[in-house]
Every structure is written in C-alpha cells, then in structure tokens.
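Architecture and fold: a report
Chain residues, written in single-letter form:
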Amino acid sequence: MTAAPRSPRRDTPPPRTGGSEAEVLRGFLDYLRDSVAAKVEGAPEPEARTAQVDSGTNLLGLLRHLTFVERATFLGDRVSDWPSTFHAAPGDGVAEVVARYREAVAEANAVLDTCTDLGAPLPRPRPGKPSPSVRWALTHLIEETGRHAGHADILRELIDGSTGR
C-alpha cells in the first residue's frame, strides 16, 4: 500500500535581489520575515498558542519573540527577560501578534532606510551601550529569523498540515 499523495506545497523561492551587499542582506531578511509571518497568519486558535513540542514552543510565542528581537536590535528597545518574550498574552490573538510583528518590521526598515554604510553602527537610541554595525545586525536577524521560521514551519505542519513558505 502506498501513501496518498500530499497536496502540492505552496513554496516561495529565495528572492532575486539587487547586486549590492545591502540589497542581498535586506532582501533575504525581508523574505524570511514574510515567511515566518505567513506561517502564523491564519493559524487556527487556540492551536497557535498551544505548545506543540515539549519545550513549550508555540507559533504565537515565536512571532512575539521575533517582534522583540526586531525592536531590540534595530530600535534600541531594552528587554530584561528574554524567555518571557516567547509567551503571548492570553488576550493576544493571531491577528494582533502578526500586526505587531509587521509594525516592528516596518519601523526597523525605516531605520535601515537611513543606513548607507553597512560598517557603521546602527543609529539606535541606547546611551552607554555601543551599537552593532548595520552589517552585523542584518546578519544576526537573518540567522535569528531563519532559525525561528524553521521552527514555525514544523509547528504549523503539526497544527494543520500546512507546509511550504
């Protein structure tokens, strides 16, 4: 007996970006941002906030965490308790968490739009703490977002079988 064929994957290939280093880095970051938001968008509730694995990880928590990472990295927000960023508030639904993430991304992109030198420090308001270079911040966010996008892929498939980017 053979397994029934799965429905076709809805997959988006990596972006075609401009040739500059900044265009490539920003293009891949935006691609990953869209991918992880799409994994959470439309996820059924309460499953989106329910732990699907023993670590307690859930879709809403992942996207909420990435919102804090965006805001801390590009906007200078302080986070005193990183583990708590993985937990959505009881009243937060999928639409609210996705909207806050997209808002943080838009604000971060507005900051990045002013950055012309990837080697320069990020222009973020954090007195007494040096800012990382724009290049480092973009690379870090690509790694962080890509890692959690992979987690979101698995969690969403466990919830409703949805696959692809």
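Scroll up for the structure.
Okay, so let's go over this structure. In this convention, every chain numbers its residues from 1, walking through the sequence in written order. Given that this is a predicted model, residues contribute local features only at a pLDDT of at least 70 and side-chain atom pairs are listed and counted only at 80 or more, while totals for whole chains, interfaces and linings are drawn from all residues. As a convention, hydrogens and water are excluded, and side-chain values are obtained from all of the structure's heavy atoms.

1. Observations regarding the packing of helix α1 (residues 21–40) against helix α4 (residues 134–160)
One can describe the packing of α1 onto α4 by two numbers: an axis separation of 9 Å at closest approach and a directional angle of 25°. In this view, α1 runs roughly parallel relative to α4, as classed from their interaxial angle. The element α1 and its partner α4 pack so that their crossing is left-handed. Contacts between α1 and α4 involve E21, L25, R26, F28, L29, L32, R33, V36, A38, K39 and V40 from the first element and R135, L138, T139, L141, I142, T145, G146, H148, A149, A152, D153 and R156 from the second. Each residue gets one of three labels, nonpolar for Ala, Val, Leu, Ile, Met, Phe, Trp, Tyr, Cys and Pro, charged for Asp, Glu, Lys and Arg, and polar for the others, Gly among them. For the contact of α1 with α4, a count of residues per class yields 12 nonpolar, 4 polar and 7 charged. Axes, fitted as lines to C-alpha atoms, cover a helix only where it is in contact. Angles between the N-to-C directions of the axes lie from 0 to 180 degrees. Put simply, DSSP marks the helices as runs of H or I at least four residues long and the strands as runs of E at least two long, and each gets a number from the N terminus on. Note that the term roughly parallel is reserved for angles under 35 degrees, roughly antiparallel for angles over 145, roughly perpendicular for angles of 65 to 115, and oblique for everything else. For any helix crossing, the convention is left-handed if the near helix is rotated counterclockwise from the far helix by under a right angle, and right-handed if that rotation is clockwise. Contact definition: two residues touch when any of their heavy atoms are within 4.5 Å.

2. Thoughts on the pattern of salt bridges
What makes a salt bridge here is a side-chain nitrogen of Lys or Arg within 4 Å of a carboxyl oxygen of Asp or Glu, nothing more. Counted by the stated rule, this structure contains 11 salt bridges. D153 is the partner of K39 in a salt bridge, and the nearest nitrogen-oxygen pair spans 3.6 Å. Here D153 lies in helix α4 and K39 lies in helix α1, a separation of 114 residues in the sequence. The salt bridge partner of E41 is R102, with a shortest N-O separation of 3.3 Å. Of this pair, E41 sits in the loop between α1 and α2 (59–75) while R102 sits in helix α3 (residues 94–112), placing them 61 residues apart in sequence. With a relative accessible area of 40%, E41 lands in the partly exposed category. Under the scheme applied here, a residue whose accessible area is under 20% of the maximum for its type counts as buried, over 50% as exposed, and between as partly exposed, the area being computed with a 1.4 Å probe on protein chains only.

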